[in-house]
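# Report on the structure
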Amino acid sequence: GKTVTSATIVYHLVQQSQSQVLVCAPSNVAVDQLCSKIHSTSLKVVRLVAKSRETVASSVEFLSLHRLVRQLAQQSKSELYKLLLLKEAHGELSAKDERRFRTLRRSAERAILQNAD
């Protein structure tokens, strides 16, 4: 009841305002459920998670910003993807590469968030 009602309200807010809507809930489980329901309305949903929760499995992990950034980088075989692979392989990057990585990641995050509903 409550989740479906909330998702329906978000859907109609987006349709009426033609702008983005930020949604929050009191727990990670509640946010996951809400993301799932909103996603089922065909809205473009991006799930934000704390850095410490990026490795925690979730039913809506495919909607998470860090996963979407990786997917975008991988599909384009971009410099960001190469730096991601390098960071995974070695655990860290040089100071210069880390700065470039952060810049590219922020740019990808911005593009993904601007495209969300």
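Rules and cut-offs
Chains are numbered independently. Their residues run from 1 in the order of the written sequence. With the structure being a predicted model, the display of local features is reserved for residues of pLDDT at least 70 and the display and counting of side-chain atom pairs for 80 or more, all residues being used for whole-chain, interface and lining totals. Note: side-chain values were computed over all heavy atoms of the structure, leaving out hydrogens and water. Per the convention used, a helix needs a DSSP run of H or I reaching at least four residues, while a strand needs a run of E reaching at least two, with both numbered from the N terminus. Given a helix with a known number of residues, its expected span is that number minus one, times 1.5 Å. Two residues qualify as a contact provided that any one of their heavy atoms is within 4.5 Å of a heavy atom in the partner residue. To define a nonpolar core, start from buried Ala, Val, Leu, Ile, Met, Phe, Trp, Tyr and Cys residues and group those joined through side-chain atoms within 4.5 Å. Note on classification: 1.4 Å probe, protein chains only; a residue is buried when its accessible area is under 20% of the maximum for its type, exposed when over 50%, partly exposed between these limits.

### Considering helix H3 (residues 65-76)
Over its 12 residues, H3 extends 17 Å from the first C-alpha to the last, a length consistent with the 16 Å expected when each residue adds 1.5 Å. Tucked into the core, H3 has its buried residues touching helix H4 (79-90) and helix H5 (95-115). At the exit of H3 stands lysine 77, carrying a positive phi of roughly 50°.

### What about the nonpolar core?
Counting 15 residues, the largest nonpolar core has Val46, Val69, Leu80, Phe101 and Ile112 as the members making the most contacts within it. Residues contacting valine 46, with those up to four places away along its chain left out, are Leu63, Leu65, Leu68, Ile112, Leu113 and Ala116. If you look at the next biggest cluster of nonpolar residues, it comprises 11 residues, including Ala7, Val10, Val60 and Leu63.

### Focus on unusual backbone geometry
Both trends apply: most residues other than glycine have a negative phi, and most peptide bonds are in trans. Phi is positive for serine 42, close to 80°, though the residue is something other than glycine. Looking at the secondary structure, you find serine 42 in the loop between helix H2 (28-39) and H3. The backbone of lysine 77 shows a phi angle near 50°, a positive value even though the residue is not glycine.

Coordinates in, geometry out; function isn't part of it.
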